[in-house]
Amino acid sequence: MSKSRSPQVRGAIWTLQAATVLDRRQRAGKGGTSGLLDGNVAQPGIQFVGRVVAAAWRGAAIYAILKLIDLSIGLRVTRDVETQGLDLNLHGEVVP
């Protein structure tokens, strides 16, 4: 796994993967779908597709939000403003 992921993200991914393998709901009589250890070989594939779809949805949503911001107020300042400094141009302040 990438070191740039937060511990919460790594924990969530591990939790989903562990549920894929270890879930024993049918054997416990609670209904639902069982995991790989109970013979449900399709479950890891279903979980993987779910993770891919969720990642694609997040990516599309972030792209749409950033595109709307870019179209309305812009995401970047002009090159001249960036060269002169954002403090002076945007806030009227001079940093010592």
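Please read these numbers as outputs of a predicted model, since none were measured by experiment.

Rules used throughout
- Residues numbered from 1 in each chain as written.
- Predicted model: local features only at pLDDT ≥ 70, side-chain atom pairs only at ≥ 80, totals over all residues.
- Heavy atoms only, no water.
- Helix = DSSP H or I, 4+ residues; strand = E, 2+ residues; numbered from the N terminus.
- Buried < 20%, exposed > 50% of the residue type's maximum accessible area, 1.4 Å probe, protein only.
- Contact = heavy atoms within 4.5 Å.
- Areas by Shrake-Rupley, 256 points an atom, 1.4 Å probe, with all protein chains shown as cover.
- Patch = residues over 30% accessible without salt bridge, like charges linked within 9 Å, V, L, I, M, F, W, Y side chains within 5 Å.
- Salt bridge = Lys/Arg side-chain N within 4 Å of Asp/Glu carboxyl O.
- Polar contact = N/O pair within 3.5 Å; in protein donor to acceptor, adjacent residues only side chain to side chain.
- pLDDT = per-residue confidence, 0-100.

### With respect to the overall build of the protein
Right, on to step 1. Of the regular secondary structure elements, the protein holds 5 helices and 0 strands.
Right, on to step 2. Its helices and strands taken in sequence order, the protein reads α-α-α-α-α from the N to the C terminus.
Right, on to step 3. Per-residue burial over the protein gives 9% buried out of 96 residues.
Right, on to step 4. Within the protein, counting contacts between residues at least 6 apart in sequence, those at least 24 apart form 12% of the total.
Right, on to step 5. Accessible surface, the protein as shown: approximately 7,900 Å² in total, 64% of it carbon and sulfur.

### Observations concerning a nonpolar patch on the surface
Right, on to step 1. Residues Ile62, Ile65, Leu66, Ile69, Ile73 and Leu75 make up a contiguous nonpolar surface patch of roughly 590 Å² in combined accessible area.
Right, on to step 2. Its location among the elements puts isoleucine 65 in helix H3 (residues 43–72).

### Remarks on the environment of asparagine 89
Right, on to step 1. Here asparagine 89 shows up in helix H5 (residues 86–91).
Right, on to step 2. A distance of 3.4 Å separates the side chain of asparagine 89 from the backbone oxygen of valine 81, its partner in a polar contact.
Right, on to step 3. A polar side-chain atom of asparagine 89 sits 3.1 Å from the main-chain carbonyl oxygen of glycine 85.

### With respect to the environment of leucine 16
Right, on to step 1. Mapping leucine 16 onto the fold places it in helix H1 (residues 7–22).
Right, on to step 2. A relative accessible area of 38% places leucine 16 in the partly exposed class.
Right, on to step 3. Along the chain, leucine 16 and glycine 50 lie 34 residues apart, while their C-alpha atoms are 9.9 Å from each other.
Right, on to step 4. Beyond its immediate chain neighbours, meaning those up to four positions away, leucine 16 contacts Gln47 and Arg51.

### Considerations on the pattern of salt bridges
Right, on to step 1. All told, the structure shown has 1 salt bridge when counted by the stated rule.
Right, on to step 2. A salt bridge links glutamate 82 to arginine 76; the nearest nitrogen and oxygen atoms lie 2.9 Å apart.
Right, on to step 3. A relative accessible area of 66% means that arginine 76 is categorised as exposed.

### Considering the confidence of the model for the protein
Right, on to step 1. A residue-level look at the protein finds 77% of positions with pLDDT of 70 or above and a mean pLDDT of 78.
Right, on to step 2. The secondary-structure element of the protein with the lowest mean pLDDT is helix H2 (residues 25–28), recorded at 55, while H3 shows the highest, at 91.

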